[in-house]
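If you want the building blocks of each chain, they are given just below.
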Amino acid sequence: YSPEEEDGENEEDESDRSPFSSTICVNYRHLHSYDTDLAEAIEGEYVRFEPYLRRASKEFVLGIHPALDRANNNSGGGGMMKEGSIITSYFVAIYNCSTVIPVRALRTG
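Bear in mind the structure is a predicted one, so any value in this text is a computation, not a measurement. (Residues numbered from 1 in each chain as written. Predicted model: local features only at pLDDT ≥ 70, side-chain atom pairs only at ≥ 80, totals over all residues. Heavy atoms only, no water.)

Novice: I keep staring at the confidence of the model for the protein and nothing clicks. Help me out?
Specialist: Taken over all residues, the pLDDT of the protein has a mean of 74, while the share at 70 or more is 57%. Taking the mean pLDDT of every element in the protein, the minimum, 69, falls on helix α4 (residues 66-75) and the maximum, 94, on helix α1 (residues 28-34). Scored below 50 in pLDDT, residues 77-83 shows 6 contacts in the model against residues more than four places distant or in partner chains. (pLDDT = per-residue confidence, 0-100. Helix = DSSP H or I, 4+ residues; strand = E, 2+ residues; numbered from the N terminus. Contact = heavy atoms within 4.5 Å.)

Here you go:
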C-alpha cells in the first residue's frame, strides 16, 4: 500500500512523522469499505467507542512490537513523552470522514 494510490490525498507530510508516534491514523473511507456498520457506529458515537479503539490500538502496536511492552514495564511507566521514552498510550485519529461538526455546534449531554 502506498498513500499516493489514494487519489492523491496524501494530507500528511512524511517529514513530520516521528518513529515513536502515539497516534494511529485510520482512513474512514478504508474503514467504511471494510465494515460499513462499524464505520457508521464509530462516526455516530466516537466518544462511546474511543476507549475500545485506544485499547485495540495499543494491543495492535504491542502485537507488532512486543519489545515496546517489555521496555515499558522496565521504565516505570509515567506516560510522559521525553527524549527516548516509551509511549504508554496510543490513540486513533480518523480522517476523510464525511461528517464534520464545527466546534461551536458541539453540545454536552
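Novice: What's the story with the side chain of asparagine 27 in this structure? I'm lost.
Specialist: Structurally, asparagine 27 is set in strand β1 (residues 23-27). With relative accessibility at 4%, the residue asparagine 27 sits in the buried group. Only 3.2 Å separates the side chain of asparagine 27 from the side chain of asparagine 96, close enough to count as a polar contact. (Buried < 20%, exposed > 50% of the residue type's maximum accessible area, 1.4 Å probe, protein only. Polar contact = N/O pair within 3.5 Å; in protein donor to acceptor, adjacent residues only side chain to side chain.)

Novice: Would you take a moment to explain helix α3 (residues 46-64) for this structure?
Specialist: Because an α-helix completes one turn every 3.6 residues, residues spaced three or four positions apart along the sequence face the same direction. The end-to-end C-alpha separation of α3 is 25 Å, in line with the 27 Å expected for 19 residues at 1.5 Å each. Where α3 bends most, at tyrosine 52, the angle is about 30 degrees. Restricting attention to buried positions, one finds in α3 the residues Leu53, Ser57, Val61 and Leu62. (Expected span 1.5 Å × (residues − 1). Bend = angle between axes of the 7 residues up to and from the residue.)

Novice: Would you mind going over the environment of serine 98 with me for this structure?
Specialist: Examined against the element boundaries, serine 98 turns out to sit in the segment after β2 (91-95). In sequence terms serine 98 and arginine 29 are 69 residues apart; their C-alpha atoms lie 8.9 Å from each other. In contact with serine 98, not counting residues within four places along its chain, are Tyr28 and Glu43.

Novice: Can you walk me through the pattern of salt bridges in this structure?
Specialist: Any two side chains of opposite charge can pair, so long as their charged atoms come close to each other. As enumerated under the stated definition, the model contains 1 salt bridge in all. Between glutamate 45 and arginine 48 there is a salt bridge, with the nearest N and O atoms lying 3.2 Å from each other. By relative accessible area, which is 40% here, glutamate 45 ends up partly exposed. (Salt bridge = Lys/Arg side-chain N within 4 Å of Asp/Glu carboxyl O.)

Novice: Which parts of the structure should I look at to understand the side chain of asparagine 96?
Specialist: Residue placement: asparagine 96 occurs in the segment after β2. Among the residues examined, asparagine 96 registers a relative accessible area of 17% and is labelled buried.

Novice: Sorry if this is basic, but what is going on with the nonpolar core here?
Specialist: Generally speaking, soluble globular proteins have nonpolar side chains that are buried together. Core analysis: the largest hydrophobic core is formed by 6 residues, namely Tyr28, Leu31, Ala39, Ile42, Leu53 and Val92. Looking at this core, the elements that each hand over two or more residues are α1 and α2 (36-44). Apart from the residues within four sequence positions on either side, tyrosine 28 is in contact with Ala39, Glu40, Glu43, Ile94, Tyr95, Asn96, Cys97 and Ser98. (Core = buried A, V, L, I, M, F, W, Y, C linked by side-chain atoms within 4.5 Å.)

Novice: How do you make sense of the environment of alanine 39 when you look at a structure like this?
Specialist: When you line up the elements, alanine 39 lands in helix α2. By relative accessible area, which is 0% here, alanine 39 ends up buried. Along the sequence, alanine 39 and arginine 29 sit 10 residues apart, while their C-alpha atoms lie 8.6 Å from each other. If we ignore the near neighbours within four places in the chain, the residues touching alanine 39 are Tyr28, Leu31 and His32.

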